[in-house]
Amino acid sequence: MLEEKYYSVRMRASQNGPHEQGGKHISGGEQISTYTDLKSMVNVLLEKALSHSRGNPDFMQIQFEKIEEPIKVLKPLPVRTYEASSVEEGQSAARKLLEQAGVPTESIDKAYELITEFSELRGAILFDIRSGLRIDDRNEKGIRVSRMDWLTANFEKWAEHYQLTRSQRMREALVLAAKVCAHPATVAELCWSDDPEYITGYVASKRLGYQRITKLKEYGDERGCRIFFVDGLSDLASYIEYLEKQPIFVQWEEKACHTS
Ligand code: PML
Ligand code: MG
């Protein structure tokens, strides 16, 4: 399968001008496509941005480029869902999971102080668990994890096996979390959507897997969050290079699963 040529397809859309001119982020998307599928992949991304509940975009960029590097294959993280009855309960579960993943309590507190300040970012922030400081230098842009995907047929088989909804949103988040958590310097990820109609978020880590929490904010809230907690990062540039450039396919192996 991986002998074929693949293309990274990316989309970003904003309102009141492009992001770099202060426009409001509406939607972003990442896909890896074969040449034959490019047209439909572009359409999927176009549709995603044109029908977004954050509003109608007046700027959109869709680009594709051939992937020259070998594509690394990663297994999906195991998924668990925690049903929270209130935002407080959900957020407290998220904090506990971050602690279990190895993020010190003081670091969690410091990160939460930053959340409101950085809730308009279109990318993620990198947070060092030792210094308790944001360590990327991307300001309001944040880090955009790119060049990753999960082929539909394999994703659907996986979803059916675990009786999970075939949600495109969850698939994208699972792909991103698998990529981020696979790097040895990542301790955990904390995320919830900036989509006002979507309140489920997650904490992910190598050890804990992908832990969904059904209520991390109130309906109607457009403030999102994506923080990567990192430790022992000696080379920030190569970490960012991995997130932005290393091509990844998530792939579930049915057999391996039956024997485990
Ligand atoms: C997003 O939409 O930007 C992130 C969604 C995270 C949760 C997805 C899920 O597991 O339901
Ligand atoms: Mg979004």
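Please refer to the structure higher up on the page.
What comes next concerns the included structure.

The rules behind each value
- Counting starts from 1 at the beginning of each chain's written sequence and moves along it residue by residue.
- The naming scheme follows written order: chains are lettered A onward, ligands numbered 1 onward.
- Under the rules for a predicted model, residues below a pLDDT of 70 receive no local features and side-chain atom pairs below 80 are neither given nor counted, while totals for whole chains, interfaces and linings still include all residues.
- Excluded from the side-chain calculation are hydrogens and water; included are all heavy atoms of the structure.
- A cutoff of 4 Å decides nearness: a residue is near a molecule or strand if any of its heavy atoms lies inside that distance of it.
- Here a polar contact is recorded for every N or O atom pair within 3.5 Å, except that within protein the pair must consist of a potential hydrogen donor and a potential acceptor, and residues adjacent in sequence are included only if both atoms are side-chain atoms.
- Using a 1.4 Å probe, accessible areas were evaluated by the Shrake-Rupley method; residue-level cover was limited to the displayed protein chains.
- By definition, any uninterrupted DSSP run of H or I lasting at least four residues is a helix, any uninterrupted run of E lasting at least two residues is a strand, and each is numbered from the N terminus.
- Amino acids are sorted into nonpolar (Ala, Val, Leu, Ile, Met, Phe, Trp, Tyr, Cys and Pro), charged (Asp, Glu, Lys and Arg) and polar (every other residue, Gly among them).
- For two strands to be treated as a pair, DSSP must find at least two bridges joining them.
- Axis angles are defined between N-to-C directions and span 0 to 180 degrees, where every axis is a line fitted to C-alpha atoms and, for a helix, only to the segment in contact.
- The labels follow the angle: roughly parallel below 35 degrees, roughly antiparallel above 145, roughly perpendicular from 65 to 115, and oblique for the rest.
- Handedness of a crossing follows from how the near helix is turned relative to the far one, being left-handed for an anticlockwise turn of less than a right angle and right-handed for a clockwise one.
- By the convention used here, residues are in contact when the closest approach between their heavy atoms is within 4.5 Å.
- Burial status follows relative accessibility: with a 1.4 Å probe on protein chains alone, a residue under 20% of its type maximum counts as buried, one over 50% as exposed, and anything between as partly exposed.

### Regarding the site of ligand 1
Consideration 1: Taken together, Arg169, Met170, Cys191, Ser193, Tyr198, Thr200, Tyr202, Tyr210 and Arg212 make up the full set of residues near ligand 1.
Consideration 2: At 2.4 Å from an oxygen atom of ligand 1 is found a side-chain nitrogen or oxygen belonging to Tyr198.
Consideration 3: Contact with the protein chains covers 90% of the free accessible surface of ligand 1, which is 340 Å².
Consideration 4: Listing elements by their share of the shell around ligand 1, those giving two or more residues are α5 (168-182) and β11 (209-213).
Consideration 5: Considered class by class, the residues forming the shell around ligand 1 number five nonpolar, two polar and two charged.

### Let's talk about the sheet that holds strand β4 (residues 72-74)
Consideration 1: Ordered by their spatial adjacency, three strands build an open sheet running β4-β13-β8, and the pairing between neighbours is parallel. The open sheet terminates on both sides in strands that have one partner only, identified here as β4 and β8 (148-149).

### As for the packing of helix α2 (residues 87-101) against helix α3 (residues 105-115)
Consideration 1: Look at α2 against α3: their axes get within 9 Å of each other, and the N-to-C directions meet at 135°. When the interaxial angle is binned, α2 and α3 end up oblique. The handedness of the crossing between α2 and α3 is right-handed. Residues Gln91, Ala94, Arg95, Leu98 and Glu99 of α2 touch α3, and the partners they reach there are Thr105, Ile108, Asp109 and Tyr112.
Consideration 2: Of the residues belonging to the contact of α2 with α3, the class tally is four nonpolar, two polar and three charged.

### Digging into the side chain of Ser146
Consideration 1: Here Ser146 is to be found in the loop between β7 (133-134) and β8.
Consideration 2: Overall, the relative accessible area of 1% leaves Ser146 in the buried class.
Consideration 3: Only 2.6 Å separates the side chain of Ser146 from the side chain of Glu30, close enough to count as a polar contact.
Consideration 4: With sequence-adjacent residues up to four places away left out, Ser146 is seen in contact with Arg10, Glu30, Lys179, Leu243, Glu244 and Gln246.

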